[in-house]
Amino acid sequence: MAELFDDIFKESKIFLKREVLSPHYIPHNLLFRDKQMQEIAKYMTPSLKGERGHNLFVYGKAGTGKTSCIKSVIDKIKSLPISKAKISYINCRVYNSRYRILHKIVSDYLPLYAKRGYGIVDIYERVISWIEEDGKILVVVLDEIDAVKDLDDLVYTLTRANSDIKAGGIAIVGISNKVSFKEVLDPRSLSTLDENELAFSPYNSNELSQIIKERVAEGFRKEVVDPAAINLAAALAAKDSGDARLALKIITKAGELSDERGLTAVTVNEVTEAAKFAEEEIAYEVINTLPEHQRLIVYAIALLSVQGSRYKRLSESGEMYLFSGDIYEKYVSVSNSLQKEAKSSRWYRKFISDLDMQGIIISYESGKGIRGHTKLIKLAYPPEKIRESIEKTLAKEATA
Ligand SMILES: Nc1ncnc2c1ncn2[C@@H]1O[C@H](COP(=O)(O)OP(=O)(O)OP(=O)(O)O)[C@@H](O)[C@H]1O
Ligand SMILES: [Mg+2]
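A quick note: this is a predicted structure, and the numbers were derived from the prediction, not measured.

1. Here we look at empty space enclosed by the protein
Scanning the entire structure with this criterion turns up three cavities of 30 Å³ or more. Empty space within the largest cavity amounts to approximately 70 Å³. Per-element accounting of the lining of the largest cavity gives the leading share, four residues, to helix α2 (residues 34–48). In terms of residue class, the lining of the largest cavity is made up of eight nonpolar, two polar and one charged. By volume, the second largest cavity is sized at about 40 Å³. In this structure, the second largest cavity is lined by L102, Y124, V127, I128, T157, L158, A161 and I170. For the lining of the second largest cavity, the elements supplying multiple residues, two or more each, are α6 (120–133) and α7 (151–164). Tallied by class, residues from the lining of the second largest cavity come to seven nonpolar, one polar and no charged.

2. Focus: the site of ligand 1
The environment of ligand 1 is formed by 22 residues, the closest being L31, K66, T67, S68 and Y203. One of the backbone nitrogen or oxygen atoms of T64 is found 3.2 Å away from an oxygen atom of ligand 1. Here ligand 1 has 640 Å² of accessible area as a free molecule, and 93% of this is covered by the chains. Among the secondary structure elements, those contributing two or more residues to the shell around ligand 1 are α3 (66–78), α9 (205–219) and α11 (244–260).

3. Looking at α6
Here α6 is 14 residues long and its end C-alpha atoms lie 20 Å apart, about the 20 Å a rise of 1.5 Å per residue gives. I123, Y124, V127, I128, W130 and I131 are the residues of α6 that are buried. For α6, the angular spread of the buried residues around the axis is 160°, confining them to a single face. Exposed positions of α6 whose direction lies more than 90 degrees from the buried face are V121 and E133. Against β2 (85–91), α4 (98–109), α5 (111–114), β3 (137–143), α7 and β4 (169–176) lie the buried residues of α6. Where α6 ends, the next residue or the one after it, G135, has phi of about 60°, a positive value.

4. Here we look at unusual backbone geometry
Phi angles above zero are rare outside glycine, and F32 is one such case at about 60°. By the secondary structure assignment, F32 is in the loop between α1 (6–9) and α2. When its relative accessible area of 33% is taken as the criterion, F32 is described as partly exposed.

5. Some remarks on the sheet that holds strand β1 (residues 56–60)
Strand order in this open sheet of five strands is β2-β3-β4-β1-β5, and the pairing throughout is parallel. Both edges of this open sheet fall to β2 and β5 (197–200), since each of them pairs with a single strand only. On average, each strand axis in the sheet is tilted by 15° relative to the strand beside it, whichever way the strands run. Note that β1 and β5 share four bridges and pair parallel. For G60, the partnering residue across the bridge sits in β5 and is F200. Packed onto the sheet, α3 meets β1, β2, β3, β4 and β5 and runs at close to 155° relative to β2. Of the strands in this sheet, β3 and β4 are in contact with α7, which crosses β4 at around 150°.

6. Quick notes on helix α13 (residues 292–307)
Along its 16 residues, α13 runs 22 Å from first to last C-alpha, staying within 8% of the 22 Å computed at 1.5 Å per residue. Turning to α13, its buried residues are H293, Q294, R295, L296, I297, V298, Y299, A300, I301, A302, L303 and L304. Directly beyond the C-terminal end of α13, a positive phi value near 95° is found at G308.

7. Describing the nonpolar core
Of all hydrophobic cores here, the largest spans 33 residues; its most connected members are I101, L138, V140, L142, L151 and I170. At the level of elements, α4, α5, α6, β3, α7 and β4 are the ones that each hand at least two residues to this core. A total of six residues in this core trace back to one element, the largest contributor, which is α6. With residues near it in sequence (within four places) discarded, L142 still touches I90, C92, I101, L154, I172, V173, G174 and I175.

8. A short note on the pairing of β4
Of all eight residues in β4, eight are buried; the element is thus mostly enclosed. Here β4 shows two buried faces, one formed by G169, A171, V173 and I175 and the other by I170, I172, G174 and S176. Following the backbone out of β3, through α7 and into the adjacent parallel β4, one traces a crossover that is right-handed.

9. Considering the layout of surface pockets
In this structure, the second largest pocket spans a volume of roughly 260 Å³. A total of three residues in the lining of the second largest pocket trace back to one element, the largest contributor, which is α11. Residue classes in the lining of the second largest pocket are distributed as one nonpolar, two polar and eight charged.

10. Digging into the pattern of salt bridges
In the structure shown here, the tally under the stated rule is 23 salt bridges. Among the ionic pairs, R188 bridges to D186, the shortest N-O distance being 3.9 Å. A salt bridge links E256 to K253; the shortest N-O distance between them is 3.9 Å. Taken together, the residues span about one helical turn, with E256 and K253 both in helix α11 at a distance of three residues.

About the cut-offs
- Here, residues in each chain are numbered from 1, in the same order as that chain's written sequence.
- Chain labels run from A onward and ligand labels from 1 onward, assigned in the order the entries are written.
- Local features are withheld for residues below a pLDDT of 70 in this predicted model, meaning they are given only at 70 or higher, and side-chain atom pairs are given and counted only at 80 or more; totals for whole chains, interfaces and linings count all residues.
- Excluding hydrogens and water, the side-chain values take into account all heavy atoms of the structure.
- Using a 1 Å grid laid over the protein atoms alone, points where a 1.4 Å probe fits but cannot get out form a cavity; open sets with protein on both sides within 12 Å along at least 5 of 7 lines form a pocket; any residue with an atom within 4 Å of a point counts as lining.
- Grid points are joined across faces, edges and corners, and a volume is the space filled by probe spheres set on the points.
- Numbering goes from the N terminus for both helices and strands, where a helix is a DSSP run of H or I of at least four residues and a strand is a run of E of at least two.
- Note on residue classes: Ala, Val, Leu, Ile, Met, Phe, Trp, Tyr, Cys and Pro are nonpolar, Asp, Glu, Lys and Arg are charged, and everything else, Gly too, is polar.
- Definition of nearness: a residue and a molecule or strand are near each other if at least one heavy atom of the residue lies within 4 Å of the molecule or strand.
- Within 3.5 Å is the distance limit for a polar contact, defined as a pair of N or O atoms, with the added protein rule that one can donate a hydrogen and the other accept it, and that residues adjacent in sequence qualify only through two side-chain atoms.
- Reported accessibility uses the Shrake-Rupley method at a 1.4 Å probe radius. Residues are deemed covered only where the shown protein chains occlude them.
- Given the number of residues in a helix, its expected span is that number minus one, multiplied by 1.5 Å.
- Exposure categories follow from relative accessible area, calculated using a 1.4 Å probe and restricted to protein chains: below 20% of the type maximum is buried, above 50% is exposed, and the middle band is partly exposed.
- The arc in question is the one spanned by the directions pointing from the helix axis to the C-beta atoms.
- Any pair of residues with heavy atoms lying within 4.5 Å of one another is described as a contacting pair.
- Strands were regarded as paired on the criterion that DSSP finds at least two bridges between them.
- Here, axes are lines fitted to C-alpha atoms. For helices the fit covers the stretch in contact, and angles between N-to-C directions go from 0 to 180 degrees.
- What makes a nonpolar core is a set of buried Ala, Val, Leu, Ile, Met, Phe, Trp, Tyr and Cys residues whose side-chain atoms join them at distances within 4.5 Å.
- Crossovers are described as right-handed under a simple rule: with the strands pointing away from the observer, the path leading from the first strand over the helix to the second runs clockwise.
- Within this document, salt bridges are pairs made up of a side-chain nitrogen of Lys or Arg and a carboxyl oxygen of Asp or Glu, the two lying within 4 Å of each other.

As structure tokens, this is what we get:
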């Protein structure tokens, strides 16, 4: 049976270093982001000197380099010989409540204490006394901050702490790709968070070409990737979203296709094929990390599309669209069956426009017709696959 494992040891004709293409890899050189890195560093500078400084809110669409930039600035700070700042980087998808976040902070810096399983008040007081010991500045970096369930409480606790602390302080850096999440915040938390804002814009096709080129030079064998393939991957990702993660995923997937087929080059053919896979894969990831009710709405649309409902055919394209009102009804019934309270139709309309902005659905305002003004909606990805992927996540959550 030795031949079973032959493939593992066979050298790839395409890839040189696979790890360079992993989504967790932080490139040494972040192109086109000097200005943003400098801005982040500028906001962090007072805390390095032991001054409280300002909070910062970083926003921009998915794959625009927010996480990479902040991590790279943190690494640079950690390599400084002296600094008063203690930085806790927190991925709020994983640590998604005030308790979990405070617990993560003590785990980072007081691991022995964290193990003892204290309640939130004790943990809070321990953090404060640890800060006061020598006037530290704790910088709490909350990546994907929109995922925090009790964000108002968290922001209130962290800011109020500053009036309890006699020496030192806490500064917050919030990061999000959902600009509209701020609308659900209490105005008090909001004014704390968006003290200073820093925007990351989507990359254009030229920028993506260079980002891909640099990564290809590190991760692929010399000269296997056709320059036209790189430009096409960049153009497709730019057209779609300006998302560097998507661009890199396309070229990686294209490389895998060539590898599987025993080819010695990556051309526009593989890229065209890979783009379809990559976009879908990313869409499922995005959908499964949506806030609960937005995800339930997508689920309702997928169910209606699969099971059938009333449709309107758009004459120019022949494509079938669902009626917004039907989707709302389905969403309410899905919520009920999962014992969740459905949001009002006002929220529903807001969520629909968020989903539209994120490219998960495509919607049209219908003209005046039999049913008056209504929105016509369809999914931007295959409904059957979306249904499957959401059901998997729901099942996982139910057993968690
Ligand atoms: N300027 C850049 N140069 C090189 N690689 C980049 C650059 N910007 C982004 N990338 C790469 O693109 C991918 C996505 O970047 P990153 O995770 O930083 O995006 P993000 O803005 O945090 O996205 P999200 O909102 O989805 O969290 C990573 O693999 C990263 O290495
Ligand atoms: Mg990120």
